[in-house]
Amino acid sequence: MIIKTTSVSECKEHTITDENVYHQRRELIKKMGFLGAASLLSSPASAGILDIFGEEKTPEALFAQNNLSYAAEKGGFAEELTPEAKITSHNNFYEFGVEKQQPAALSQSFKVDPWQLKISGEVENPLTLGYDDLYSSFDLEERIYRLRCVEAWSMVVPWIGFSLAELVKKAKPTSRAKYLAFETLYDPVQMPGQRSRRLGGGIDYPYVEGLRIDEAMNPLALMSVGLYGKTLPPQNGAPIRLVVPWKYGFKSIKSVVGIKFVEKKPPTTWNLLAANEYGFYANVNPAVDHPRWSQASERRITTGGIFAQNRIPTLPFNGYGEQVADLYSGMNLRKYY
Amino acid sequence: MAITVSQKSIPYLKALVHLAALYPLLNLYYGAVTDQLGGDPVEAVIHFTGIGALNLVLISLLISPLAKRFKLSFLMRFRRMIGLYAFTYGLCHMLNFLFFEVQFDVRLFIEEVFERPYITVGMSAFLLLIALAVTSITKLRRKMKGRWQTLHNFTYLIALLAVIHFYWSVKSEIIEPLIYFAMYAALMGFRYKKLRGWKDKLFSR
């Protein structure tokens, strides 16, 4: 399942490869469901010896994704895309389990229609976007972005969405609006991680995130509704999520139901959990290590098995310094990590 | 309720233990090389071998209490091989980190070992495990006499370091590490008299 994408024109021709990858993903998820979360053993009896916590159900049916119409990415993005099967099977989305394969295995029956994304707070034009509005209110475009996880792995993802700035303009923030406070759906019935502390990693739900308003207005900040030409699958944050490519992945909040414009800096989930490890800004920065691991380099997840791994240097602002460094001029990024 | 196992069946049981310990490992690397371990095979092999090593260390600590309590003396004949498999899994865990995570960047490897407390702790456990693995050879064991037992009591420390390493490595999901702490406490509880004896000896000096 090698997807070689050397030029951007090639990524547009995804229909045939997509189907193949899509079917392989089906297999992959089935296998993972059968084998269990951390357990890679084929018989449950021996799984008991080495992995006492491996237990998972096979998803009944895969979540249905729809094709999207959008303007394809124009720029010359030279890096190889991460295959769709990997983007959709390696996720940090603790609402559906803390292990990487759990979100794909435990989220396939997630309901996204009806959906309500409520924009409120310090705005002249509060609005609520329903499920269909997410795809029709703004022109959709493809953006190929690097995604750098705070755990020091990275992917290259062909997102589809619209600029957060467009949404901000539509809401018409008042002069008191200094920050945006984002919130993920809270629905313990559908999200097993919100029911169980063990599955959900001890986080206080709902997950919340925030941006300064000038960060939100930066053209790179994206509200994504799809990837690889289709609507988002639940494990990637269906139906709508934030993507801020110059920040660590945990800033890019998933399955958003609320964006509130506020005057004071809003609380953010990982900062609440461990303030010395995760700051509000969370800009990708190779010079400032996580207290427990180095951020100087990262493993890029592309195709292939264990021998096809690729360790590359991490770039300041994840390589988007030209577009975003001005936002932080004069700030001590060691202090405001 | 002493259960005795005939001399003849021991080799078969040992073969079974070898299979139970080796098959998951071979299966793991087969999956890792052929890209069947989900999005990130590196994380998968590191986690699997790490938790496997920890489980095997704890199993090795369960053997003598079980053998004593239920008079299952034949179990003692499996302790060394289980300990050696704990070492094998630990070795794989460490090599996975060196080969696949930092990808032979020896400087980064050394930096990580010394700068990150949880890796320092894990590496300490592994170094102690090497000493136990080497001295598991019968000839050395005989030569060491009483000191052998003293050295191998370090298993208690290794298990503790391994649990701390696990607890410290996770982002927020601490329930599993806490369960491991509880299991460790229970295993030490079985050795209450021995540990109290050490304490008394220490304070009577």
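Remember, predicted model here, so these are calculated numbers, not experimental data.

1. Things to note about the interface of chain A and chain B
- At the junction of the two partners, chain A supplies 48 residues and chain B supplies 44 residues.
- Connecting chain A to chain B are eight salt bridges.
- Of the charged contacts in the structure, one is a salt bridge between Lys100 of chain A and Glu43 of chain B, with a shortest N-O distance of 3.1 Å.
- Listed by contribution, the elements that provide at least two residues to the side of chain A that touches chain B are helix H2 (15-35), helix H3 (44-50), helix H9 (197-200), helix H11 (269-273), strand E11 (297-300) and strand E12 (310-313) of chain A.
- Counting residues per element, the side of chain A that touches chain B draws most heavily on H2 of chain A, which supplies three residues.

2. Digging into the confidence of the model for chain B
- Overall, the prediction assigns chain B a mean pLDDT of 94, with 99% of residues at 70 or greater.
- The ipTM, which scores confidence in the relative placement of chains, is 0.85 for this predicted complex, and the corresponding pTM is 0.84.

3. Let's talk about the side chain of Lys230 of chain A
Residues and elements named next belong to chain A.
- Within the secondary structure, Lys230 sits in strand E8 (residues 230-231).
- A relative accessible area of 8% places Lys230 in the buried class.
- Separated by 3.1 Å, the side chains of Lys230 and Glu84 make a polar contact.

4. Considerations on the sheet that holds strand E1 (residues 116-121) of chain A
Residues and elements named next belong to chain A.
- The sheet built from five strands is open, its strands ordered E2-E1-E10-E5-E6 with mixed pairing. The two strands at the open ends of the sheet, each matched to only one other strand, are strand E2 (127-130) and strand E6 (208-212). In this sheet, adjacent strand axes meet at a mean angle of 15° when their direction is disregarded.
- Pairing of strand E5 (residues 179-184) with E6 involves five bridges; the strand directions are antiparallel. Directly across from Tyr179, in E6, lies its bridge partner Arg212.

5. Describing the packing of aromatic side chains
- In this structure the tally under the stated criterion is 23 aromatic pairs over all chains.
- For the ring pair Phe138 of chain A and Phe162 of chain A, a centre distance of 4.3 Å and an interplane angle of 20° mean the geometry is stacked. With Phe138 of chain A in the loop between helix H6 (133-136) and strand E3 (141-148) and Phe162 of chain A in strand E4 (residues 153-163), the pair connects residues that are 24 residues apart, well separated along the chain. Like Phe138 of chain A, the residue Phe162 of chain A is buried in the burial classification.
- For the ring pair Tyr167 of chain B and Phe181 of chain B, a centre distance of 5.7 Å and an interplane angle of 65° mean the geometry is edge-to-face. With Tyr167 of chain B in helix H8 (residues 154-169) and Phe181 of chain B in helix H9 (residues 175-189), this pair connects stretches of sequence that are 14 residues apart.
- Tyr167 of chain B gets classed as partly exposed once you look at its relative accessible area, which sits at 34%.
- Within the aromatic cluster, the residues linked to one another by ring pairs are Tyr179, Phe280, Tyr281, Phe317, Tyr328 and Tyr336 of chain A.
- Cation over ring: Arg146 of chain A sits above Tyr320 of chain A, and NZ or CZ is 4.7 Å from the ring centre.

6. Notes on the pairing of E5 of chain A
Residues and elements named next belong to chain A.
- The element E5 is extensively covered by neighbouring structure, given that five of its six residues are classed as buried.
- Pairing of E5 with strand E10 (residues 256-262) involves six bridges; the strand directions are antiparallel. What sits directly across from Leu180, in E10, is Phe261.

7. Re the packing of helix H4 (residues 106-115) of chain B against helix H5 (residues 117-134) of chain B
Residue and element names in this part refer to chain B.
- Packing of H4 against H5 leaves a shortest axis separation of 5 Å and a crossing angle of 95°. In this view, H4 runs roughly perpendicular relative to H5, as classed from their interaxial angle. Facing H4, whose interface residues are Phe109, Glu112, Val113, Phe114 and Glu115, H5 presents Pro117, Ile119, Thr120 and Met123.
- Its residues placed into classes, the contact of H4 with H5 shows six nonpolar, one polar and two charged.

8. Quick notes on the nonpolar core
- In terms of nonpolar packing, the biggest core is built from 147 residues, with Leu164, Phe182, Trp246, Ile259 and Phe261 of chain A touching the most fellow members.
- Not counting chain neighbours up to four residues away, the residues in contact with Trp246 of chain A comprise Glu215, Asn218, Leu220, Ala221, Asn283, Val284, Phe317, Asn318, Tyr320, Val324, Leu327 and Tyr328 of chain A.

The rules behind each value
Along each chain, residue indices are assigned from 1 in the same order as the chain's sequence is written. To label them, take the chains in the order written and letter them from A, then take the ligands in the order written and number them from 1. Totals for whole chains, interfaces and linings use all residues, but because this is a predicted model, local features are given only for residues with pLDDT of at least 70 and pairs of side-chain atoms are given and counted only at 80 or more. The side-chain values count all of the structure's non-hydrogen atoms but skip hydrogen atoms and water molecules. Contacts are residue-level and defined by heavy atoms, with any inter-residue pair within 4.5 Å sufficient. Salt bridge, as applied in this entry: a Lys or Arg side-chain nitrogen positioned within 4 Å of an Asp or Glu carboxyl oxygen. Labels follow the DSSP assignment, with helices taken as runs of H or I lasting at least four residues and strands as runs of E lasting at least two, numbered in each case from the N terminus. Note on scores: pLDDT gives the predictor's confidence for each residue, bounded by 0 and 100. Note on classification: 1.4 Å probe, protein chains only; a residue is buried when its accessible area is under 20% of the maximum for its type, exposed when over 50%, partly exposed between these limits. Distance and chemistry together define a polar contact, namely a pair of N or O atoms within 3.5 Å, with one atom able to donate a hydrogen and the other to accept it when in protein, and with adjacent residues in sequence counting only for side-chain atoms on both sides. DSSP-based pairing: two strands are paired if at least 2 bridges between them are found. An axis is simply a line fitted to the C-alpha atoms; with a helix, the fit covers only the stretch in contact. Between two such axes, the angle follows the N-to-C directions and lies from 0 to 180 degrees. Here a pair means two rings of Phe, Tyr or Trp (six-membered ring of Trp) with centres within 6.5 Å. Their orientation is stacked below 30 degrees between planes, edge-to-face above 60, and tilted elsewhere. Only when the NZ atom of a Lys or the CZ atom of an Arg is both within 6 Å of the ring centre and within 35 degrees of the ring normal do we say a charge sits over the ring. Relative orientations are named as follows: roughly parallel for angles under 35 degrees, roughly antiparallel for angles over 145 degrees, roughly perpendicular for angles from 65 to 115 degrees, and oblique for any other angle. Gly falls in the polar group here, along with every residue not listed as nonpolar (Ala, Val, Leu, Ile, Met, Phe, Trp, Tyr, Cys, Pro) or charged (Asp, Glu, Lys, Arg). Buried residues of nine kinds, namely Ala, Val, Leu, Ile, Met, Phe, Trp, Tyr and Cys, make up a nonpolar core once their side-chain atoms join them within 4.5 Å.

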